[in-house]
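Okay, here's what each chain looks like letter by letter:
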Amino acid sequence: MRPVPQLRTFSFSQPEKQVSFLQNKGFWGQGTKTLCCIKCTAYLLGGKFIMQHIAWLLFTITAAIIGSWIGLRIGIPAGALIGAICSVGLLQILTGSAWFPPEIKPFATSMTGAYLGMRITRADIQSLKKIPAAAAITVAGMLGYNIICGIVLQHLGGLDIMTGILASAPGGMTEMSLVALDLDANSAIVSSIQMIRFAVIAPIVPILHRFILAHWQHENNKSDEIADLGVPLRAAGLKDTTFALAIGLTAGMIGKATGLPAGTLCFSLAACASYNLYFEVGTLPTGIRYAAQCSNGALIGIKLLMSELLLLGSILPVVIIVTLGWIVVNLLLGWALYRYGKLSPETALFAAAPGGMSDMALISAELGGNSAQVTVLQLCRVVCVIILCPSIALIVS
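Residues numbered from 1 in each chain as written. Predicted model: local features only at pLDDT ≥ 70, side-chain atom pairs only at ≥ 80, totals over all residues. Heavy atoms only, no water.

A. Summary view of the overall build of the protein chain. When its secondary structure is counted, the protein chain shows 17 helices and 0 strands. Within the protein chain, the fraction of its 397 residues that count as buried is 49%. Across the protein chain, every contact between residues at least 6 apart in sequence was considered, and the portion connecting residues at least 24 apart equals 76%. Accessible area for the protein chain stands at about 19000 Å²; split by element, carbon and sulfur atoms hold 67% of it. (Helix = DSSP H or I, 4+ residues; strand = E, 2+ residues; numbered from the N terminus. Buried < 20%, exposed > 50% of the residue type's maximum accessible area, 1.4 Å probe, protein only. Contact = heavy atoms within 4.5 Å. Areas by Shrake-Rupley, 256 points an atom, 1.4 Å probe, with all protein chains shown as cover.)

Listed below in structure tokens is the structure:
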């Protein structure tokens, strides 16, 4: 009796190759009937394989949406991203079959770049011209410590230098996770360490700064006389939103084709920022940001394995030390911005904080700081880190 061929070890999407395999192995019949049966069997098995992929894709999308919704409802930073990572990662660890098409990545990255770019306004640029020294101090100080963190995580945590630098970069969890995907770094570890950084810094920094400011005797700097340039960002209409997304996607694809580090994100961001600065159409709906974060979370979650969680647990003390170091750097940069950047303490401390841009601006305003300057410096920090950090990581590695 001839053995039964094992079709499951081959691609079900190309039955002709399976027929050729059967012919070479002696399973080929001479009659047309045998040929038709073999082809039909291959197509049926291929259809079953495709249906299984579609089913797991739907499970993964459902898990990502539910996780994002829970993350947003809880109110954690980057809730849509963290929720999707956790839910899809849990599905992957339990089943090992979670699946999400990687072809989605450049589209999600372009959407993120478009959203960030459309938040840059003329008022931001005008305000930045008045505080160039403060912007330079903030970016240089944070990038310098970022490189130190990457080296520490490499030598003490066993991570590769690329993953270490991106994991500790103060450029936003979503953005750094996207860059990690583009540069083939360990995006799951990057997202996890970024999540720890948010969890540690977010509650400590505001309380610490309030305490410091309550005991900081100082003279008002002249920069406080500058009017707060913060104005509510108006939302773009449907037509402008569609056109902005088209620009972002086109620029993102061009950036991807160039092969530059994080080219998709940087080109999309630059193109949409230029478009908004010229036409002033407004910001994109927050739903676009949530959709991009949900997609990115699914892409990262399917890479989450139990071995990586064990690795993260083994290096957790190093990660905590590096994260607490960011608070020290924040205090040093805050003093430098006050001393050399001519900012008030209320503005300087929160402008140099490696936390959420909107949160830091709001708290600074409550304490008498200049929320516009905080927002602009935070935005400058995020954009510069997104653009420069991938190149620095490549050079160092």
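From this point, the discussion proceeds with the structure in view.
B. Looking closely at the packing of aromatic side chains. On inspection of all chains with the given rule, the structure shows 6 aromatic pairs. Seen in terms of ring centroids, Trp56 and Phe59 are 5.3 Å apart; in terms of plane orientation they differ by 70°. Their pairing is edge-to-face. Taken together, the residues Trp56 and Phe59, both in helix α2 (residues 32-74) and 3 residues apart, mark about one turn of the helix. According to the relative accessible area criterion, Trp56 is partly exposed, its value standing at 27%. Centre to centre, the rings of Tyr145 and Trp326 are 4.7 Å apart; their planes meet at 80°, and the pair counts as edge-to-face. (Phe/Tyr/Trp six-rings, centres within 6.5 Å; stacked < 30°, edge-to-face > 60°.)

C. Expanded view of the side chain of Thr60. Tracing the backbone through its elements, the reader meets Thr60 in helix α2. A residue is classified by how much of its surface remains accessible, and Thr60, at 0% relative accessible area, is buried. Thr60 has contacts with Val88, Leu91, Ala98, Trp99, Phe100 and Ile302, leaving out every residue within four places of it along the chain.

D. The arrangement of the pattern of salt bridges in detail. Following the criterion strictly, the structure yields 1 salt bridge and no others. Here Arg122 makes a salt bridge to Glu280, at a shortest N to O gap of 3.6 Å. Of this pair, Arg122 sits in helix α5 (residues 122-129) while Glu280 sits in the loop between α11 (263-279) and α12 (286-301), placing them 158 residues apart in sequence. Look at Glu280 and you get partly exposed, because its relative accessible area is 39%. (Salt bridge = Lys/Arg side-chain N within 4 Å of Asp/Glu carboxyl O.)

E. Quick look at unusual backbone geometry. Residue Glu280 is not a glycine yet carries a positive backbone phi of 50°. Even without being glycine, Lys342 reaches a positive phi, approximately 60°. You can see Lys342 is positioned in the loop between α14 (316-339) and α15 (345-351).

F. Spotlight on the packing of helix α4 (residues 105-117) against α12. Two numbers describe how α4 lies on α12: the axes approach to 9 Å, and their chain directions differ by 145°. Two packed elements cross with a definite hand, and for α4 against α12 that hand is left-handed. Here Lys105, Ala108, Met111, Thr112 and Tyr115 of α4 come into contact with α12, specifically with Thr286, Ile288, Arg289, Ala291, Ala292, Ser295, Asn296 and Leu299. Grouping the constituent residues of the contact of α4 with α12 by class yields 7 nonpolar, 4 polar and 2 charged. (Axes fitted to C-alpha atoms, helices over the stretch in contact; angles between N-to-C directions. Left-handed = near helix turned anticlockwise from the far one by under 90°. Nonpolar A, V, L, I, M, F, W, Y, C, P; charged D, E, K, R; others polar.)

G. Inspection of the nonpolar core at higher detail. Formed by 65 residues in total, the largest nonpolar core has its most connected members in Leu166, Met176 and Ile193. Contributing elements (two or more residues each) for this core: α6 (132-157), α7 (161-168), α8 (173-182), α9 (187-214), α11, α14, α15 and α17 (371-396). It is α17 that contributes the most residues to this core, 11 residues altogether. By size, the runner-up hydrophobic cluster in this structure holds 19 residues, among which are Ala64, Phe100, Met173 and Ile300. (Core = buried A, V, L, I, M, F, W, Y, C linked by side-chain atoms within 4.5 Å.)

H. Fine view of α4. Between its terminal C-alpha atoms α4 stretches 18 Å, which fits the 18 Å expected from 13 residues at 1.5 Å a residue. Taking burial as the measure, the 13 residues of α4 include 11 buried ones, the bulk of the element. Every buried residue belonging to α4 is among Lys105, Pro106, Ala108, Thr109, Ser110, Thr112, Gly113, Ala114, Tyr115, Leu116 and Gly117, and all of these are buried. (Expected span 1.5 Å × (residues − 1).)

I. Focus on the environment of Lys239. One can find Lys239 in helix α10 (residues 238-258). The class for Lys239 is exposed, based on a relative accessible area of 72%. Along the sequence, Lys239 and Val281 sit 42 residues apart, while their C-alpha atoms lie 9.9 Å from each other.

Function cannot be inferred from these measures alone, as they are strictly geometric.
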